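Reading the structure
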Amino acid sequence: MNSSLRGLCRTAGQVVSTRGMKKYPFPVTYEKVTWPPDGELKLPVMPMEPVYNGEVGETKYKTSKRMIETRGVEEIHTELVHEQFGLAAVSGGFIASHDFKFLTDRINKNLVDKQFAVWRVDAPWLPRTKKAQGTRLGGGKGSISHYVTPVKANRIILEVGGHITEIEAQAFLLYLCERFSFPVEFVSQRILDERRQQEELVAKCNQNPFNWDTVIKYNMQNCSSWLSEYDMAWKGKYR
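None of the values given here were measured: they were computed from a predicted structure. (Residues numbered from 1 in each chain as written. Predicted model: local features only at pLDDT ≥ 70, side-chain atom pairs only at ≥ 80, totals over all residues. Heavy atoms only, no water.)

**Looking at the overall build of the protein**
- Within the protein, the secondary structure is distributed over five helices and nine strands.
- Along the protein, helices (α) and strands (β) appear in the sequence β-β-β-β-α-β-β-β-β-α-β-α-α-α when read from the amino end.
- For 239 residues, the compact-globule estimate of 2.2 N^0.38 gives 18 Å, and the protein exceeds it by more than 25% at 26 Å.
- Overall, the protein is about 95 × 55 × 40 Å in size when its C-alpha atoms are taken along their principal axes.
- The buried share of the protein, taken over its 239 residues, is 31%.
- Excluding contacts between residues fewer than 6 apart, the proportion of contacts in the protein whose partners are at least 24 apart in sequence is 76%.
- For the protein, the accessible area works out to roughly 16,300 Å², and carbon and sulfur atoms hold 53% of it. (Helix = DSSP H or I, 4+ residues; strand = E, 2+ residues; numbered from the N terminus. Rg over C-alpha atoms; globule rule 2.2 N^0.38 Å. Buried < 20%, exposed > 50% of the residue type's maximum accessible area, 1.4 Å probe, protein only. Contact = heavy atoms within 4.5 Å. Areas by Shrake-Rupley, 256 points an atom, 1.4 Å probe, with all protein chains shown as cover.)

**Here's the deal with the pattern of salt bridges**
- Taken as a whole and judged by the stated rule, the model has 12 salt bridges.
- Linked by salt bridges that have partners in common, Glu79, Asp193 and Arg196 make up one network. (Salt bridge = Lys/Arg side-chain N within 4 Å of Asp/Glu carboxyl O.)

**Side note on the sheet that holds strand β4 (residues 93-96)**
- Strands sit in the order β4-β7-β6 across an open sheet of three strands; the sheet is antiparallel. Where the open sheet ends on each side, the last strands, each with one partner, are β4 and β6 (126-130). Put simply, the sheet's adjacent strands are angled 50° from each other on average, direction ignored.
- Summarising the sheet, β4 and strand β7 (residues 143-151) pair through four bridges and their orientation is antiparallel. By the bridge assignment for β7, isoleucine 95 is matched with threonine 149.
- The sheet contacts of helix α1 (residues 97-110) involve β4 and β7, and relative to β4 the element is tilted by about 65°. (Pairing = 2+ DSSP bridges. Axes fitted to C-alpha atoms, helices over the stretch in contact; angles between N-to-C directions.)

**Points about the confidence of the model for the protein**
- The share of residues in the protein with pLDDT of 70 or more is 94%, and the mean pLDDT across the chain is 88.
- Contacts of residues 1-9 to residues separated by more than four positions or lying in other chains number 16 contacts, the stretch itself having pLDDT below 50. (pLDDT = per-residue confidence, 0-100.)

**Examining the nonpolar core**
- Core analysis: the biggest nonpolar cluster contains 28 residues, and Ile107, Ile157 and Leu173 have the highest contact counts within it.
- Listing elements by their share of this core, those giving two or more residues are β3 (85-89), α1, β5 (115-119), β8 (156-162), α2 (166-173) and β9 (184-188).
- For leucine 173, the residues in contact, after removing those within four places along its chain, are Leu87, Ile107, Leu158, Val160 and Phe186. (Core = buried A, V, L, I, M, F, W, Y, C linked by side-chain atoms within 4.5 Å.)

**Section: unusual backbone geometry**
- Positive phi values are uncommon outside glycine, yet asparagine 219 reaches one of about 55°.
- Structurally, asparagine 219 can be placed in the loop between α4 (212-217) and α5 (229-234).
- Despite not being glycine, glutamine 221 has its phi angle at roughly 55°, a positive value.
- Secondary-structure assignment places glutamine 221 in the loop between α4 and α5.

Structure follows, in C-alpha coordinates:
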(Lines give C-alpha, C1' and ligand atoms only; values in the text may rest on other atoms or scores of the structure.)
Protein backbone atom coordinates (compact mmCIF):
# COMPACT_ATOMS: atom_id res chain seq x y z
CA MET A 1 0.00 0.00 0.00
CA ASN A 2 1.28 3.45 -0.92
CA SER A 3 2.45 5.34 2.19
CA SER A 4 1.13 8.65 0.81
CA LEU A 5 -2.40 7.20 0.61
CA ARG A 6 -2.36 5.30 3.86
CA GLY A 7 -3.18 6.53 7.35
CA LEU A 8 -3.00 4.77 10.68
CA CYS A 9 -5.87 4.98 13.14
CA ARG A 10 -5.31 3.79 16.72
CA THR A 11 -8.53 2.64 18.41
CA ALA A 12 -8.60 0.56 21.61
CA GLY A 13 -4.97 -0.47 21.24
CA GLN A 14 -5.46 -1.69 17.67
CA VAL A 15 -3.89 -0.36 14.48
CA VAL A 16 -6.35 -0.10 11.58
CA SER A 17 -5.08 0.71 8.10
CA THR A 18 -7.19 3.21 6.15
CA ARG A 19 -6.90 4.54 2.65
CA GLY A 20 -7.59 8.17 1.73
CA MET A 21 -7.29 10.45 -1.27
CA LYS A 22 -5.34 13.69 -1.41
CA LYS A 23 -6.28 16.25 -4.04
CA TYR A 24 -3.53 18.42 -5.45
CA PRO A 25 -4.26 21.76 -7.14
CA PHE A 26 -4.08 21.84 -10.90
CA PRO A 27 -0.65 23.12 -11.99
CA VAL A 28 -0.53 26.65 -13.35
CA THR A 29 0.37 26.85 -17.04
CA TYR A 30 1.91 29.82 -18.81
CA GLU A 31 0.79 29.23 -22.38
CA LYS A 32 -0.58 32.72 -23.11
CA VAL A 33 2.29 34.82 -21.80
CA THR A 34 3.11 37.85 -23.98
CA TRP A 35 6.79 38.69 -23.58
CA PRO A 36 8.22 42.19 -24.13
CA PRO A 37 9.18 42.69 -27.79
CA ASP A 38 12.64 44.06 -26.95
CA GLY A 39 13.49 41.06 -24.76
CA GLU A 40 14.25 43.25 -21.72
CA LEU A 41 12.97 41.51 -18.57
CA LYS A 42 14.14 43.95 -15.89
CA LEU A 43 12.78 47.44 -15.35
CA PRO A 44 15.04 49.96 -17.08
CA VAL A 45 16.45 52.83 -15.04
CA MET A 46 14.39 55.97 -15.48
CA PRO A 47 16.44 59.15 -16.11
CA MET A 48 16.30 61.60 -13.22
CA GLU A 49 15.74 64.54 -15.59
CA PRO A 50 14.93 65.01 -19.28
CA VAL A 51 17.66 65.45 -21.85
CA TYR A 52 17.61 68.76 -23.74
CA ASN A 53 19.13 69.26 -27.18
CA GLY A 54 21.01 72.53 -27.11
CA GLU A 55 21.64 72.44 -30.86
CA VAL A 56 17.97 73.16 -31.58
CA GLY A 57 17.60 75.68 -28.76
CA GLU A 58 16.19 73.42 -26.04
CA THR A 59 16.99 74.57 -22.51
CA LYS A 60 15.77 73.90 -19.00
CA TYR A 61 12.63 75.79 -18.12
CA LYS A 62 10.56 76.54 -15.03
CA THR A 63 6.80 76.29 -15.03
CA SER A 64 3.81 76.16 -12.73
CA LYS A 65 2.72 72.97 -10.97
CA ARG A 66 0.25 72.25 -13.79
CA MET A 67 -2.24 70.40 -11.64
CA ILE A 68 -4.49 70.11 -14.70
CA GLU A 69 -2.19 67.31 -15.92
CA THR A 70 -3.56 65.02 -13.17
CA ARG A 71 -7.20 66.02 -13.45
CA GLY A 72 -9.77 63.66 -14.89
CA VAL A 73 -9.46 60.07 -16.10
CA GLU A 74 -6.96 58.41 -18.41
CA GLU A 75 -8.54 57.49 -21.76
CA ILE A 76 -5.78 55.46 -23.45
CA HIS A 77 -3.48 53.54 -21.11
CA THR A 78 -6.14 51.81 -19.01
CA GLU A 79 -5.66 48.18 -20.11
CA LEU A 80 -2.93 45.64 -19.38
CA VAL A 81 -1.00 45.04 -22.59
CA HIS A 82 0.46 41.74 -21.32
CA GLU A 83 -2.86 40.76 -19.64
CA GLN A 84 -1.34 39.68 -16.33
CA PHE A 85 -0.68 42.00 -13.36
CA GLY A 86 0.23 45.59 -12.65
CA LEU A 87 -0.32 48.77 -10.66
CA ALA A 88 -2.96 51.36 -11.58
CA ALA A 89 -3.67 54.84 -10.26
CA VAL A 90 -6.96 55.27 -8.40
CA SER A 91 -6.78 59.07 -8.66
CA GLY A 92 -4.43 61.58 -10.23
CA GLY A 93 -1.01 62.42 -8.83
CA PHE A 94 2.69 62.91 -9.53
CA ILE A 95 5.50 60.31 -9.51
CA ALA A 96 8.82 61.82 -8.50
CA SER A 97 12.17 60.78 -9.92
CA HIS A 98 13.31 59.25 -6.61
CA ASP A 99 10.13 57.15 -6.55
CA PHE A 100 11.10 55.66 -9.91
CA LYS A 101 14.49 54.72 -8.52
CA PHE A 102 12.96 53.02 -5.47
CA LEU A 103 10.44 51.07 -7.56
CA THR A 104 13.11 49.94 -10.01
CA ASP A 105 15.37 48.62 -7.25
CA ARG A 106 12.63 46.78 -5.34
CA ILE A 107 10.89 45.20 -8.33
CA ASN A 108 14.09 44.07 -10.07
CA LYS A 109 15.23 42.50 -6.81
CA ASN A 110 12.04 40.41 -6.54
CA LEU A 111 11.94 39.25 -10.15
CA VAL A 112 13.25 35.73 -10.73
CA ASP A 113 13.87 33.65 -13.85
CA LYS A 114 11.30 34.02 -16.66
CA GLN A 115 9.58 37.01 -15.06
CA PHE A 116 9.53 40.55 -16.42
CA ALA A 117 8.34 44.07 -15.62
CA VAL A 118 7.72 47.04 -17.92
CA TRP A 119 6.96 50.73 -17.38
CA ARG A 120 3.71 52.15 -18.72
CA VAL A 121 4.39 55.80 -17.88
CA ASP A 122 6.77 58.40 -19.27
CA ALA A 123 10.04 59.41 -17.67
CA PRO A 124 9.95 62.48 -15.36
CA TRP A 125 9.63 65.65 -17.45
CA LEU A 126 7.69 68.22 -15.38
CA PRO A 127 10.07 70.40 -13.31
CA ARG A 128 9.55 71.17 -9.64
CA THR A 129 11.19 74.21 -8.08
CA LYS A 130 12.22 74.82 -4.49
CA LYS A 131 13.84 77.67 -2.61
CA ALA A 132 16.51 77.23 0.03
CA GLN A 133 15.37 77.07 3.64
CA GLY A 134 15.20 80.49 5.25
CA THR A 135 14.90 82.40 1.98
CA ARG A 136 12.80 85.55 2.11
CA LEU A 137 9.63 85.85 0.06
CA GLY A 138 9.90 87.27 -3.42
CA GLY A 139 12.73 87.12 -5.89
CA GLY A 140 10.96 84.85 -8.37
CA LYS A 141 10.77 81.08 -8.59
CA GLY A 142 13.42 78.97 -6.97
CA SER A 143 15.80 76.63 -8.72
CA ILE A 144 14.72 73.27 -10.13
CA SER A 145 15.00 70.57 -7.46
CA HIS A 146 13.62 67.50 -9.28
CA TYR A 147 11.26 66.32 -12.01
CA VAL A 148 7.95 64.45 -11.80
CA THR A 149 5.60 62.51 -14.08
CA PRO A 150 1.88 63.43 -13.95
CA VAL A 151 -0.56 60.50 -13.86
CA LYS A 152 -4.34 60.56 -14.24
CA ALA A 153 -6.89 58.23 -12.67
CA ASN A 154 -7.06 54.64 -14.01
CA ARG A 155 -3.62 54.96 -15.62
CA ILE A 156 -1.57 51.75 -15.68
CA ILE A 157 1.79 52.63 -14.09
CA LEU A 158 3.69 49.38 -14.60
CA GLU A 159 3.10 45.75 -15.51
CA VAL A 160 4.54 42.49 -14.21
CA GLY A 161 4.27 39.22 -16.10
CA GLY A 162 5.90 36.02 -17.21
CA HIS A 163 5.94 32.81 -15.18
CA ILE A 164 4.34 34.38 -12.10
CA THR A 165 1.08 33.79 -10.25
CA GLU A 166 -1.24 36.39 -8.77
CA ILE A 167 -0.18 35.58 -5.20
CA GLU A 168 3.49 35.97 -6.12
CA ALA A 169 2.81 39.31 -7.81
CA GLN A 170 0.79 40.61 -4.86
CA ALA A 171 3.60 39.67 -2.46
CA PHE A 172 5.85 42.52 -3.64
CA LEU A 173 3.44 44.87 -5.45
CA LEU A 174 0.91 45.55 -2.71
CA TYR A 175 3.39 47.14 -0.32
CA LEU A 176 4.76 49.28 -3.15
CA CYS A 177 1.34 50.96 -3.46
CA GLU A 178 2.08 52.82 -0.23
CA ARG A 179 5.17 54.39 -1.78
CA PHE A 180 3.16 56.73 -3.98
CA SER A 181 1.82 60.08 -2.81
CA PHE A 182 -1.60 59.26 -4.35
CA PRO A 183 -3.78 56.13 -4.07
CA VAL A 184 -2.58 53.21 -6.22
CA GLU A 185 -4.09 49.71 -6.44
CA PHE A 186 -3.03 46.26 -7.59
CA VAL A 187 -4.85 45.09 -10.72
CA SER A 188 -4.90 41.95 -12.82
CA GLN A 189 -6.62 41.01 -16.05
CA ARG A 190 -9.21 39.08 -14.05
CA ILE A 191 -9.96 42.09 -11.84
CA LEU A 192 -10.33 44.42 -14.83
CA ASP A 193 -12.63 41.99 -16.65
CA GLU A 194 -14.86 41.53 -13.59
CA ARG A 195 -15.00 45.29 -13.03
CA ARG A 196 -15.98 45.91 -16.64
CA GLN A 197 -18.68 43.23 -16.51
CA GLN A 198 -20.05 44.69 -13.29
CA GLU A 199 -20.26 48.17 -14.83
CA GLU A 200 -22.06 46.80 -17.88
CA LEU A 201 -24.50 44.89 -15.67
CA VAL A 202 -25.26 47.96 -13.56
CA ALA A 203 -25.84 50.07 -16.67
CA LYS A 204 -28.08 47.40 -18.19
CA CYS A 205 -30.21 46.79 -15.07
CA ASN A 206 -30.45 50.43 -14.02
CA GLN A 207 -34.09 51.51 -13.66
CA ASN A 208 -33.46 54.96 -12.23
CA PRO A 209 -34.40 57.52 -14.91
CA PHE A 210 -32.52 60.31 -13.13
CA ASN A 211 -29.00 59.46 -14.25
CA TRP A 212 -26.30 61.90 -15.27
CA ASP A 213 -27.10 61.77 -18.98
CA THR A 214 -30.78 62.55 -18.45
CA VAL A 215 -30.15 65.31 -15.94
CA ILE A 216 -27.65 67.08 -18.19
CA LYS A 217 -29.68 66.55 -21.38
CA TYR A 218 -32.86 68.14 -20.01
CA ASN A 219 -31.04 70.65 -17.78
CA MET A 220 -32.91 69.53 -14.66
CA GLN A 221 -32.81 71.97 -11.73
CA ASN A 222 -30.98 74.34 -14.07
CA CYS A 223 -27.86 72.22 -13.54
CA SER A 224 -25.99 73.70 -16.50
CA SER A 225 -25.58 76.96 -14.56
CA TRP A 226 -23.75 75.43 -11.59
CA LEU A 227 -22.18 72.25 -12.99
CA SER A 228 -18.63 72.62 -14.27
CA GLU A 229 -17.46 71.37 -17.64
CA TYR A 230 -15.54 68.61 -15.86
CA ASP A 231 -18.69 67.37 -14.10
CA MET A 232 -20.48 67.17 -17.43
CA ALA A 233 -17.59 65.40 -19.15
CA TRP A 234 -16.84 62.83 -16.43
CA LYS A 235 -20.37 62.52 -14.93
CA GLY A 236 -19.23 63.59 -11.45
CA LYS A 237 -16.81 60.65 -11.02
CA TYR A 238 -13.53 62.58 -11.22
CA ARG A 239 -12.34 66.02 -10.26
